[in-house]
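# Examining the three-dimensional arrangement
Each chain is listed here by its residues.
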Amino acid sequence: MAVEFTQNYFEIFGLPVDFTIDTSILAERYRELQKTVHPDRFASASDRDRRLAVQQSAHINEALSTLKSPLKRARYLLQLNGIEFDDENETTMDAEFLMQQMEWREAVAEINQKQDPFSSLNQLMKSIDKKQANMIDQLQNLIRKQEYETAKVQVQKLQFMEKLLLECESLEQDLADAL
Amino acid sequence: MALLQISEPGQSTKPHERRLAVGIDLGTTNSLVATVRSGRTETLPDEQGEHLLPSVVRYLGNQQSPVVGKQASQAAADDPLNTISSVKRFMGRGLDDIKHLGGRLPYDFVQTETSVPRIKTAAGDKSPIEVSADILRVLKERAEETLGDELTGVVITVPAYFDDAQRQATKDAGKLAGLNVMRLLNEPTAAAVAYGLDKGAEGIAAVFDLGGGTFDISILRLEKGVFEVLSTAGDTSLGGDDFDRAIAQWIMLQADISDDTSHGQLRRLMQDACKAKEALAENESTELNVQLDSGEHWQGRLDREQLNQLIDPLIQKTVITCRRALRDAQVSVDDVQTVVMVGGSTRTLRVREKVGEFFAQDPMIDINPDKVVATGAAIQADVLAGNKPDGELLLLDVIPLSLGLETMGGLVEKIIPRNTTIPVARAQDFTTYKDGQTGMTIQVLQGERELVSDCRSLGQFSLHGIPSMVAGAARIRVTFQVDADGLLSVTATEETNQVEASIQIKPSYGLTDTEIETMLKDSIAYAKDDVELRNVREQQVEADRVTDALQIALQQDGDLLTEAEVKTIETALMELHNVREGTDHRVIKKAIDKLNVATTEFAASRMNKSIKQALAGHQIDEFG
C-alpha cells in the first residue's frame, strides 16, 4: 500500500502531533494530496491502478475527517497517547452534567408544543452549539496539561452532546416532513 | 520490442487523438447533452435546433421504436398510459415507494418477481431503467452524429441526494444504452463547476438546485480548481412537478373535478397547471381555460398571491433543508459568498425570493438554469477522458445519506455518516455465534433514522465460506467502500485464516446482473452487434489502456525498478502485445491480469513517490 499506513494521521499531512492544528494548512495539504491520488486522476488507467487510487484516496479522506472534527481529533490523539476507549461500558458522568443533559432533553421534548417550533429548535441548537464550543476549549486545556484521563471523560461528555444534536436534527426532519 | 516505442516526455502515446466525451443531464422534465469543442463547452441541439429533449418516451406497438421527446410529450394526454414522463422519479424505487410519491399512479404498474417494477405499455412491460435508456440512446445518437464518431465515455448527472439504488439504476440505464459511464456526477457539483470556471469564483458557494422532480442543496468550497463539497442535503421527490400538482388540485377543487377522473383529464390538468405557473413568472395573474372530459370548458383565474399560498409549504421545506446543509458544512449564512440557482423550477419567482431571504443575498441566475448542469458534466467528462492532462480541476464529493447495518432489535448502526467525503472505506468486524457456522447475512441500510423500518434497505449481503470454528472465534472483517460515483461495494475477509469470504448481494431495488445481461441482449443496440466481438473489443481497449499507462509510468519512474523487475514487466507486456490481436477475449483478459500482477509493486511505489513529492517542500519548512 502506498500511503504508508504506519504513518499517523498528523504525519500524513505533515502536521505536528498536537490538538491545536492550523486548519488552513490541513485543508491545503489535503487538496494537494487528493490532486495526486484521487481516482479521477486515474480515469484512463488500468482497473488495478484505479482500485489502488480509490484505497489511497479513501485513506486520506479518513485522515482528514478525523483531524477536522475537534472531538474525533481529541479522541485520536488520546488513543495515540495510550488512552483506551470502551464505548460499550460508559463511565459515569458527574451529577451536574447529567442534570444538564436531562434539562436539554426536556427542552427537546417540549419543542412540539411551541408556537414556532422551527425557530425554537434553532435557538436550542444554537445554545447547545455554544456549550459544545465551550467544552472543546476546556478539552484543549486538559490535553495541553497532559491530563489525559480527565480529557477522556470530557471527550465522552462531548459524545453525549453530539447525540443530543443528532436528536435535534431528527426532530427537525420530523417537523419538516409534517409540513 | 514494446518498451522502446516511447513518445516524447509529457505526451501520450497518441498525441493527436482527442477522445470524444460528453456530459449528459438526465433530467426529470428535460435532458441535455453537452461537450467541450475547441476549448468551448456547448450543449448539442437536434436537427431542429432544439437543445432540450423532453424526458418523455411514448411506446408504440408492432415492433416500432419508441418516440422520445417533444413529439411524445404532445401525445401524452391522448395516449397517457403508453407515454411515460418524469420516469426519473421511479428510478431505483420499489412499487411501494412509488405509491407514496403523491398523486394517483399515472401508469399501469406491474409487480414482477424481481424488485424492479415494470410499466405496462404497448411495447411490453418496461422498467424505469429501460425507459431512461431509451432517452439516453437518443442523446447518444445526437452526440455521435454531431461529433462524427463513437463516444469514448460519458458523465451522467444525478441529484446529489440520490441514494445507492437510484444511482445504480442510472448507471445501469447508461450501460443499457451502450454508453461507457465514466462517472456519475452530482448535479449541484456539476453546476458549481460550470459557474466556478466561468466566473473564476473562490470561497464558499451554495448551489440551490430545484428541478422538475428533485431538490438538492450543496455547500462547496472552491479553491484553485478544487471543488470540495462540504455538505449536501435534499429531497428526491420534491420539485416543479409538485408545484404543478398543487395548482392542479386547486383547479380541481374550483372546477369541481373529482379525484377519480380519467388519466387523460389528469394529464391535461397537469399541463394547464404547468402553463399557469410559467405564465406567473412573467405576469401578475393568468387566465385558466380547462377542457373537461365532457367537452365543456372551465374558465378561471390564478394570481401570484394564490400561487404563493399553494407552493409556500413546499418552498419552506427547501429552506429548512438549506439550514441543515449549512449546519453539516459547519458554516454560517455569513460565510456563503455566492448562491447559485439551478434547475427550471428556480424560475418561479417565489423560490428566488425565499432563497434570497434565507441567504440574505441575491442569488445568481445568470447562466441558463436548464443548461448549466450538462455544461459542468461536459467539462468533467473532458477531464476524465484525458483531454486535459495537466488540468487543475478536481471534484471532491460526499455521500448524501448515512450507510448503516441492521443490529439487534431492528436498530441501525451507522458505519458511514452522511456528508463523508468519498471515496471512503470503513471496516466492521463480525463474529460467529454458533459452533461451525460458515455463513451469515448482513442487511445494509441507507438513511438517517434509528429504526431499520424507517431507512431504505439497499440489500442483503450473504457471506459464505467462513472457515468452521467454535462460536465467537472467527473474526470477519467486512469492508464497505463507497467509490467516487457514490456507489457501495462490500468485501469480507476472515481475519484469523485470511480467507476471502464470498459475498452474494441481493439488491432490494435493483436489477441483478443476469437481468441486465438479458436486457442488453434484447435491446436493439446490441442485437446488431455480435456480443463476442464486443467483448474482444472491450478487452483490447483495456489492453491498450494498461499498455499506454505503463509505458508512461516506466518512462517517468523506471528508476524505481531493479533490472530484474524491468525484465519481468517487459516479458508480461510482450505477452499481452502478442495476444492482443487474437479473437478470444478471455486470453487477452488473462494477459492483462498477468501484467497487472507483475506491476503491482511498481504501481504502489509510484503512488508513494508522488505522495512524498506532494508534501516534500512543507515538511522542511515545518520541522527543519
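The structure we're discussing is the one just above.
Below or above, wherever it landed, is the structure these notes cover.

### Remarks on the packing of aromatic side chains
- In total, this model carries eight aromatic pairs over all chains according to the counting rule given.
- For the ring pair phenylalanine 90 of chain B and tyrosine 107 of chain B, a centre distance of 6.2 Å and an interplane angle of 85° mean the geometry is edge-to-face. On the criterion of sequence distance, the pair formed by phenylalanine 90 of chain B in the loop between strand 7 (83–85) and helix 2 (95–99) and tyrosine 107 of chain B in the loop between helix 2 and strand 8 (109–110) is long-range, its members being 17 residues apart. Across the pair, tyrosine 107 of chain B and phenylalanine 90 of chain B agree in class, each one buried.
- Ring centres of phenylalanine 90 of chain B and phenylalanine 109 of chain B lie 5.3 Å apart, and the angle between their planes is 90°; this geometry places the pair in the edge-to-face category. You can see phenylalanine 90 of chain B sitting in the loop between strand 7 and helix 2 and its partner phenylalanine 109 of chain B sitting in strand 8, a full 19 residues away along the chain. The two residues phenylalanine 90 of chain B and phenylalanine 109 of chain B agree in class, both being buried.
- These aromatic residues form a ring-pair network of at least three members: Tyr9, Phe10 and Tyr76 of chain A.

### Observations regarding the side chain of glutamine 101 of chain A
Residue and element names in this part refer to chain A.
- In this fold, glutamine 101 is placed in helix 5 (residues 95–110).
- On the basis of relative accessible area, glutamine 101 is assigned to the buried category, the value being 4%.
- The contacts of glutamine 101, once residues within four sequence positions are left out, are Phe160, Met161 and Leu164.

### Focus on the packing of helix 3 (residues 47–68) of chain A against helix 4 (residues 70–80) of chain A
Residues and elements named next belong to chain A.
- Axis separation between helix 3 and helix 4 bottoms out at 5 Å; the angle between their running directions is 100°. Relative to helix 4, the element helix 3 lies roughly perpendicular. Contact residues: Ser65, Thr66, Leu67 and Lys68 in helix 3; Pro70, Lys72, Arg73 and Tyr76 in helix 4.
- Here the contact of helix 3 with helix 4 is composed, by residue class, of three nonpolar, two polar and three charged.

### Focus on the environment of arginine 245 of chain B
- Its location among the elements puts arginine 245 of chain B in helix 6 (residues 240–255).
- Spatially, the C-alpha atoms of arginine 245 of chain B and leucine 269 of chain B are 8.6 Å apart, while their sequence positions differ by 24 residues.

### Looking at helix 4 of chain A
Residues and elements named next belong to chain A.
- Taken residue by residue, helix 4 has Leu71, Arg73, Ala74, Arg75, Tyr76, Leu77 and Leu78 as its buried positions.
- Summarising the contacts, the buried residues of helix 4 are in contact with helix 1 (9–12), helix 3, helix 6 (117–144) and helix 7 (148–177).
- Positive backbone phi, at 85°, marks glycine 82, one or two positions downstream of helix 4.

### Some words on the nonpolar core
- With 60 residues, the main nonpolar core has Phe13, Leu67, Ile128, Leu139 and Ile143 of chain A as its most contacted residues.
- Sort the elements by how many residues they give to this core and helix 7 of chain A lands first, with 11 residues.
- The residues touching phenylalanine 13 of chain A, leaving out its near neighbours within four places in the chain, are Leu26, Arg29, Tyr30, Leu33, Ile60, Ala63, Leu64 and Leu67 of chain A together with Leu615 of chain B.
- Counting 46 residues, the second-largest nonpolar core is a separate cluster that includes Ala233, Met252, Val331 and Val355 of chain B.

### Observations concerning the sheet that holds strand 6 (residues 67–68) of chain B
- Ordered by their spatial adjacency, three strands build an open sheet running 6-5-7 (chain B), and the pairing between neighbours is antiparallel. Each edge of the sheet is formed by a strand with only one pairing partner; in this case those strands are strand 6 and strand 7 of chain B.

### What to know about the pattern of salt bridges
- Across all of its chains, the model carries 46 salt bridges over all chains by this definition.
- Among the ionic pairs, glutamate 357 of chain B bridges to lysine 354 of chain B, the shortest N-O distance being 4.0 Å. Taken together, the positions of glutamate 357 of chain B and lysine 354 of chain B, both in helix 9 (residues 349–359) and three residues apart, correspond to about one turn of that helix.
- In this structure, glutamate 542 of chain B engages arginine 545 of chain B in a salt bridge whose closest nitrogen and oxygen atoms are separated by 2.5 Å. Of this pair, glutamate 542 of chain B and arginine 545 of chain B both sit in helix 13 (residues 531–557), three residues apart, which is roughly one turn of that helix.
- Sharing partners across several salt bridges, the network here consists of Asp129 and Glu169 of chain A together with Arg327, Asp328, Lys414, Arg418 and Glu448 of chain B.

### Let's talk about the sheet that holds strand 10 (residues 124–126) of chain B
All names here are of chain B.
- In space, the three strands of this open sheet follow the order 8-9-10, with antiparallel pairing throughout. Looking along the sheet, the strands with just one partner apiece sit at the ends: strand 8 and strand 10.
- Where strand 8 and strand 9 (residues 118–121) come together, two bridges link them in antiparallel fashion. Bridge pairing in strand 9 places valine 110 opposite arginine 118.

### With respect to unusual backbone geometry
All names here are of chain B.
- Residue proline 423 follows isoleucine 422 across a cis peptide bond; omega there is 0°.
- Tracing the backbone through its elements, the reader meets proline 423 in the loop between strand 21 (411–416) and strand 22 (424–430).
- One non-glycine residue, serine 86, lies in the positive phi region at around 50°.
- If you trace the backbone, serine 86 turns up in the loop between strand 7 and helix 2.
- Even without a glycine there, the phi angle at lysine 224 is positive, about 45°.
- Looking at the element boundaries, lysine 224 is found in the loop between strand 14 (215–223) and strand 15 (226–235).
- Among the residues examined, lysine 224 registers a relative accessible area of 53% and is labelled exposed.

Cut-offs applied
- Residues numbered from 1 in each chain as written.
- Chains lettered and ligands numbered in written order.
- Predicted model: local features only at pLDDT ≥ 70, side-chain atom pairs only at ≥ 80, totals over all residues.
- Heavy atoms only, no water.
- Phe/Tyr/Trp six-rings, centres within 6.5 Å; stacked < 30°, edge-to-face > 60°.
- Helix = DSSP H or I, 4+ residues; strand = E, 2+ residues; numbered from the N terminus.
- Buried < 20%, exposed > 50% of the residue type's maximum accessible area, 1.4 Å probe, protein only.
- Contact = heavy atoms within 4.5 Å.
- Axes fitted to C-alpha atoms, helices over the stretch in contact; angles between N-to-C directions.
- Parallel < 35°, antiparallel > 145°, perpendicular 65-115°, else oblique.
- Nonpolar A, V, L, I, M, F, W, Y, C, P; charged D, E, K, R; others polar.
- Core = buried A, V, L, I, M, F, W, Y, C linked by side-chain atoms within 4.5 Å.
- Pairing = 2+ DSSP bridges.
- Salt bridge = Lys/Arg side-chain N within 4 Å of Asp/Glu carboxyl O.

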